Amino acid sequence: MDLLNALVVLMNFVVIPAAAYGAQLALGALGVTLIYGILRFSNFAHGDSMAFGAMCTILFTWWFQSMGITLGPLPTALLALPFGIVITAAVMLGTDRAVYAFYRAQKAKPVILVIVSMGVMFIMNGLVRFIIGPDDQRFADGERFIISVREFKALTGLKEGLAFKTGQGITLITAIIVVAALFWFLNRTRTGKSMRAFSDNEDLALLSGINPERVVAITWILVAALATIAGTLYGLDKSFKPFTYFQLLLPIFASAIVGGLGNPLGAIAGGFVIAFSEVTFTYAWKKVLKYALPENLEPTSLVQLLSTDYKFAVSFVILVIVLLFRPTGIFAGKAL
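Owing to the predicted nature of the structure, the values given are computational and were not obtained by experimental measurement. (Residues numbered from 1 in each chain as written. Predicted model: local features only at pLDDT ≥ 70, side-chain atom pairs only at ≥ 80, totals over all residues. Heavy atoms only, no water.)

With that settled, consider the packing of aromatic side chains. Applying the stated rule across the entire model yields 15 aromatic pairs. Taken together, a centroid distance of 5.2 Å and an interplanar angle of 35° make the contact between Phe41 and Tyr100 tilted. With a gap of 59 residues between them, Phe41 in the loop between helix 1 (2-39) and helix 2 (46-66) and Tyr100 in helix 3 (residues 77-105) connect regions that are remote in the sequence. Take Phe41 and Tyr100: they sit in the same class, and that class is buried. Here the aromatic rings of Phe240 and Tyr245 are separated by 5.3 Å at their centres, their planes lie at 45°, and the arrangement is tilted. You can call Phe240 buried: its relative accessible area is 0%. (Phe/Tyr/Trp six-rings, centres within 6.5 Å; stacked < 30°, edge-to-face > 60°. Helix = DSSP H or I, 4+ residues; strand = E, 2+ residues; numbered from the N terminus. Buried < 20%, exposed > 50% of the residue type's maximum accessible area, 1.4 Å probe, protein only.)

Spelled out as structure tokens, the structure:
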């Protein structure tokens, strides 16, 4: 019975939160990977693009809620999400035309585009703060839990309870659907195949009649969709605060690089590696060990390797280790 309680505590505070967080990081890292794989630069504005997409979704959510439009037990944000994606895609396409297209025409080096993306990042960050404010914004409605601690205890008779939040469930289901749809699009559709061909060899793709501007536009639309979905899911699971998304840039890039920058499968794997590492290193293991170990070996301290304040430091350390010993990432030599 004690081992079951230990397992429940582990699921409740480590496995489920890390899986949801990993799915959010994976979706964010997929956007970074698409930009790197097709447009050949690291987009430092991606974290704030997630914030912008989530902000648009929040504003539509509040509008729907004010009119009494809801999805019952599900968050109204799911209804607002397509509108957020459309606006974010329009802004990203406009940014590409106004900013990035000039540097592509000049055949600028990737490092120049990275610096330009940092400028875009600061502008988007300021824009989000100006429109919605710098404070926490909560926009989740409907049922908060799929199963609560009290319900789980009554159902199982265990001392410890398991809470599975609606936001976590929606995150995992949505991530599976989005990833499956993206891989189907890239591997099965003519447009997706042209994007992969453009990624593999731009000159040969141009000789084959592939329209580069169309590939670029579709890439930005896909990235906008991924950013908005990832940002909204993160906000539903936790809360929306613009600065948090700026901080998320580190674990997102760490996820993409750990998996292998430019590889979609690597982005997904890297997202879960980073998420489980962050949660594992910052969780206080006292309660799990209390059930798992004999009474005379029960720990007296929290058994916490790092404070939660340092969770992004875990991403940084993993990133440094990977860059030092395996800079190509887990899925080395593979691309779109």
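Two elements in contact, helix 2 and helix 9 (residues 212-237), have axes separated by 7 Å at closest approach and are oriented at 70°. Taken together, the axis directions place helix 2 and helix 9 in an arrangement best described as roughly perpendicular. Of the residues in helix 9, those touching helix 2 at His46, Ser49, Met50, Gly53, Ala54 and Thr57 are Val223, Ala227, Thr228, Ala230, Gly231 and Thr232. A class-by-class count of the residues in the contact of helix 2 with helix 9 yields five nonpolar, seven polar and no charged. (Axes fitted to C-alpha atoms, helices over the stretch in contact; angles between N-to-C directions. Parallel < 35°, antiparallel > 145°, perpendicular 65-115°, else oblique. Contact = heavy atoms within 4.5 Å. Nonpolar A, V, L, I, M, F, W, Y, C, P; charged D, E, K, R; others polar.)

Looking at the secondary structure, you find Lys241 in the loop between helix 9 and helix 10 (242-247). The class for Lys241 is partly exposed, based on a relative accessible area of 32%. Taking the C-alpha atoms as reference points, Lys241 and Asp135, separated by 106 residues in sequence, lie 5.8 Å from one another. In contact with Lys241, other than residues within four places in its own chain, are Pro134, Asp135 and Asp136.

On to helix 14 (residues 311-325). Taking 1.5 Å per residue, 15 residues should reach 21 Å; helix 14 reaches 22 Å between its end C-alpha atoms and fits that length. Three or more residues of helix 14 are buried, namely Phe312, Val314, Ser315, Ile318, Leu319 and Val322. Considered in projection along helix 14, the buried side chains sweep an arc of 145° and stay on one side of the axis. Counted as exposed and oriented over 90 degrees from the buried face of helix 14: Leu324 and Phe325. (Expected span 1.5 Å × (residues − 1). Arc of directions from axis to C-beta.)

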